[in-house]
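# Structural features, examined
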Amino acid sequence: MLAKIVASVFLFVITFLPRLSLADWAVNMTEGVTDVSRSVYSLHMQIFWICVAIAVVVFSVMLWSIIHHRKSAGAKAAQFHENTTIELLWTIIPIFILIAMAVPATATLIDMYDTKESDIDIQVTGYQWKWQYQYLSEDLAFFSNLATPKEQISNLAVKNANYLLEVDEPLVIPIGKKVRFLLTSNDVIHSWWVPAFAVKKDAIPGFINEAWTQVEEVGIYRGQCAELCGKDHGFMPIVVKAVPYEDYLVWVSDKKTIIAEQEAAAARVWTMAELMEQGEKVYQTNCAACHQPNGEGISPAFPALKGSVIATQDQQAHIDIVLNGKAGTAMQAYAAQLNAVDLAAVITYERNAWGNNTGDLIAPQYIQSLLKDK
Amino acid sequence: MTSISATEHHGPEKGLMRWILTTNHKDIGSMYLIFSLLMFFIGGSMALIIRMELVEPGLQVVQPEFFNQMTTMHGLIMVFGAVMPAFVGLANWMVPMMIGAPDMALPRLNNFSFWILPFAFTMMLSSLFMDGGAPNFGWTFYAPLSTTYAPPSVTFFIFAMHMAGVSSILGAINIIVTVMNMRAPAMTYMKMPLFVWTWLITAFLLIAVMPVLAGTVTMMLTDIHFGTSFFDAGGGGDPVLFQHLFWFFGHPEVYIMILPAFGIISQIVPTFSRKPLFGYPSMVYATSSIALLSFTVWAHHMFTVGLPLVGELFFMYATMLISVPTGVKVFNWVATMFRGSLTFETPMLFAIAFIVLFTIGGFSGLMLAISPADFQYHDTYFVVAHFHYVLVPGAVFSIMAATYYWLPKWTGYMYDEFLGKCHFWCSFIGLNLTFFPMHFVGLAGMPRRIPDYSLQFADFNMISSMGGFLFGFAQILFVIVIVKCVQGGKKAKAVCWEGAKGLEWSVPSPAPYHTFETPPNLPDEKYP
Amino acid sequence: MRLWQVIKAVLAAFIGVQSEKNRQLDFQAQTPLPYIITGIILVVLFVLCLVLIVNYLVAF
């Protein structure tokens, strides 16, 4: 019976092997692309091999006893029950091993904590469920949202290679420069983690944490939020693009131009069709996580918009809650997050989608004027 | 035995009232154990829902908000509903019998502390059916996710935690009073079995830290309902304060869940090695120092919250050092087996698996103590693998080992050895399939508590899920073995294990309803 | 020399090793209180020691 069970387990495993063999069998920590990440990796490997060595000794003695000192093999039990010398020995030796381990660990830690003399400072703010990056010396800020389409998550489309690890706007940093991150949060605690840099630091509302990295290789590095932050904790990835310094400068000025153009677009007249189209995009990126793509929400934390008082009646109240959020709930103040066009578009969309047909058109100019007053 | 005659004219009451009104330590012990088994299955089915969702990338079975409720409730139920009550149940049954006492010192308190639990956990579980769902902020319930951003059911969760805490404190008081005052005259402290020793120390830990937990959840309560800002920076509070408070409770809690397990293993390994426990005095000393030192390492759970460098180094060093007395225990068990005369009945199989797998969990714990490396491990599946290795083959296996070890004493019949071994091997294989691959996905970068994951983690997650189902369904065997054993089978002798020593074996099997109404003399053999 | 014996017992507990002979000695005591108090004091000292070491390292 026992053999049967073991055999059936193996059979089960073997049945699944064909699909398993396609695997990417990553079993270890990444070495990463910075000095810090490499020393973390070497600490990890050192302590791992120490553990393996101790395990081999302890388990060998155990296995020896199990094989040779079994009653069925005629073993007679000895009656010894203490030996202070050997006990002291197996206490003192691990202490020395640990002290030997603590030395390089301390050095690495001190290095990780040295955030002085950075070349570029970036403030990273966690939001439910996206990241905001502010380049402190550049007057440049933007949000970074999950880019994986909903259809892939709900298995209606084939998944990309970077499924759940792709964003609309990656963070761009130059290589060979010391980049300092100032981490904070707008709502709950998040944790900003890029394994390739060995940087993981909690983003805590009301406080600022520091971390730094100096990347040596050009590349795209991916990570995820590491601290449970609510419903879509699994859906707020981090993508960092490391580029040469000159490319970085070009990117900064391009990015600023694009943002300026988007803001200027608020001045022109938008048609209903344009606003609805733009609004749907904005809604899917920023609102659908809570209020759901169909506008029905998830009661009671995330109220429905479809047929709701707020989205079908008083326009001003609707604009106010979108711009300023609602204290004590997950509803954020979007005035600080979106530009006037996007705000106008998304409010228009909410007031006209899913049978909310109010026919209201919110003009970007009007939102712009509200934002200016602030 | 003196107690047999007593049974005849003063047995248990009949019917339901026996269980509601009982003050008998054996009845209450059984109720604790059955309650914890029930909770183990409820918490376990939540784990299976989690594993079902994680079979493949993409959302298939549940939505993220329900997934978070499952991870939260699974953790809370298993820690506070399954593992802790199981140990209290074992203590209720065995401590009086091991020290030669007629019952617990405070029998009515004992009844009360049990009957709080069903109400606490009914309330906790009822939150699953409330508007907004059950608590969804993880079993560590970090503020402000558990305060400002929590579902309305959080208030019920807080009250349930208060009640479970009261129950634990009352149980702990009872055990301390019993051990200190009710020992047979010949049973000096230095002769107490290790299970009694470890429980005595655990009880002190419980009294020290459960009030901290109660205080913490009360602060949450006032933050949520009465406008205080303990954990809200906007009002001058600090979310990190919550974590300090929680882990000041939480780290000793880890030892609360493992010290009684050390005691159980220290009873079982000598029995089936037919050899006295190696280093008994060292074990007692190490246990008491672990209890004290466990209060100095809590922030190693918080290496990434931005502790100052000084704090980071302090907690790293303290944590590394505290691993030494724990390691010494493992060496002692192996030295007990060395040159013994071993047999491998089910309790011994579970005990050996405990030693091996708990050691693996200890090693990953040592790795986690290295703060710079912890920046990569923290909040990944590596941590999930670590604490499941410590808690499943650690705490849970020790409870199962204890059940098999003492079941003949409780029921008067031997359990089915073959089924017991099947249960062991299925559990052993299942749990390693489940939790070993988690080390790999964790190191490769998979965060914990996510309902969906990127493609590179797919294969190991599928293996984990298959192992999870094997482990889960293997537990049905456990129930079958227990039910069969209660119903009948081969009669158990008073000393049903050849190498068993201790007072509990000097009473007949099944143990009479009342034992040791007059204090016994200690058996002749060298004690412990 | 009783104090010294208590301290030795607590230190032995910290590294988790004690011989049967000394244990006999420890458990002849009438009350465990001196052991508990010494234990707590030594834990505080242990913490202070670590804090000193850490501060020294950071200042460096």
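Residues numbered from 1 in each chain as written. Chains lettered and ligands numbered in written order. Predicted model: local features only at pLDDT ≥ 70, side-chain atom pairs only at ≥ 80, totals over all residues. Heavy atoms only, no water.

### Some points on the overall build of chain C
Within chain C, the regular secondary structure consists of three helices and zero strands. Secondary structure elements of chain C occur, N-terminal to C-terminal, as α-α-α. C-alpha extents for chain C along the principal axes are approximately 45 × 20 × 15 Å. Out of the 60 residues belonging to chain C, those deemed buried represent 37%. Within the structure as shown, chain C displays about 3800 Å² of accessible surface, and the carbon and sulfur contribution to it stands at 77%. (Helix = DSSP H or I, 4+ residues; strand = E, 2+ residues; numbered from the N terminus. Buried < 20%, exposed > 50% of the residue type's maximum accessible area, 1.4 Å probe, protein only. Areas by Shrake-Rupley, 256 points an atom, 1.4 Å probe, with all protein chains shown as cover.)

### Examining empty space enclosed by the protein
All names here are of chain B. Summed over all chains, the structure comprises three cavities of 30 Å³ or more. By volume, the largest cavity amounts to about 120 Å³. What lines the largest cavity is a set of 14 residues, and nearest its centre among them are Phe80, Met84, Pro85, Val88 and Ser168. Mapped onto the lining of the largest cavity, the elements with two or more residues apiece are helix H4 (64-99), helix H6 (154-181) and helix H7 (194-225). Take the lining of the largest cavity: its biggest share by element is five residues, from H4. Of the residues belonging to the lining of the largest cavity, the class tally is eleven nonpolar, three polar and no charged. (1 Å grid on protein atoms, 1.4 Å probe; cavity = no way out; pocket = protein on both sides within 12 Å on 5 of 7 lines; lining within 4 Å. Points joined across faces, edges and corners; volume = space filled by probe spheres on them. Nonpolar A, V, L, I, M, F, W, Y, C, P; charged D, E, K, R; others polar.)

### A closer look at the pairing of strand E2 (residues 130-135) of chain A
Residue and element names in this part refer to chain A. Among the six residues that make up E2, five are buried, leaving the element largely enclosed by the rest of the structure. Pairing analysis gives six bridges linking strand E1 (residues 120-127) to E2, with the strands arranged antiparallel. Bridge assignment links threonine 125 to a residue of E2, and that residue is glutamine 132. Between E1 and the antiparallel strand that follows it, E2, lie two residues. The pairing of E2 with strand E3 (residues 140-144) spans five bridges and is antiparallel. (Pairing = 2+ DSSP bridges.)

### What about the interface of chain C and chain B?
With 27 residues of chain C at the contact, the number on the chain B side is 21 residues. Surface buried jointly by chain C and chain B totals about 2100 Å² across both partners, of which 79% is contributed by carbon and sulfur atoms. It is C:Arg23, C:Phe27 and C:Val54 in chain C that bury the most area against chain B; as a group they hold 27% of the surface buried on that side. At the junction of chain C with chain B, the criterion picks out zero salt bridges. Where chain C touches chain B, the interface holds one residue pair in polar contact (both at pLDDT 80 or more). Elements that contribute at least two residues to the side of chain C that touches chain B include exactly helix H1 (2-15), helix H2 (20-26) and helix H3 (33-59) of chain C. Here the element with the most residues in the side of chain C that touches chain B is H3(C); it accounts for twelve residues. Looking at side-chain class alone, the side of chain C that touches chain B contains 17 nonpolar, seven polar and three charged residues. (Contact = heavy atoms within 4.5 Å. Buried area = accessible area lost by both parts, 1.4 Å probe. Salt bridge = Lys/Arg side-chain N within 4 Å of Asp/Glu carboxyl O. Polar contact = N/O pair within 3.5 Å; in protein donor to acceptor, adjacent residues only side chain to side chain.)

### Focus on the packing of helix H9 (residues 315-324) of chain A against helix H11 (residues 364-373) of chain A
Residue and element names in this part refer to chain A. It is at 12 Å that the axes of H9 and H11 come closest, and there the two elements cross at 55 degrees. The orientation of H9 relative to H11 falls into the category oblique. Here H9 runs over H11; the crossing is right-handed. Of the residues in H11, those touching H9 at Gln316, Ile319 and Leu323 are Tyr366, Ile367, Leu370 and Leu371. Looking at the contact of H9 with H11, its residues break down into six nonpolar, one polar and no charged. (Axes fitted to C-alpha atoms, helices over the stretch in contact; angles between N-to-C directions. Parallel < 35°, antiparallel > 145°, perpendicular 65-115°, else oblique. Left-handed = near helix turned anticlockwise from the far one by under 90°.)

Everything listed here is a matter of geometry and, on its own, says nothing about what the molecule does.
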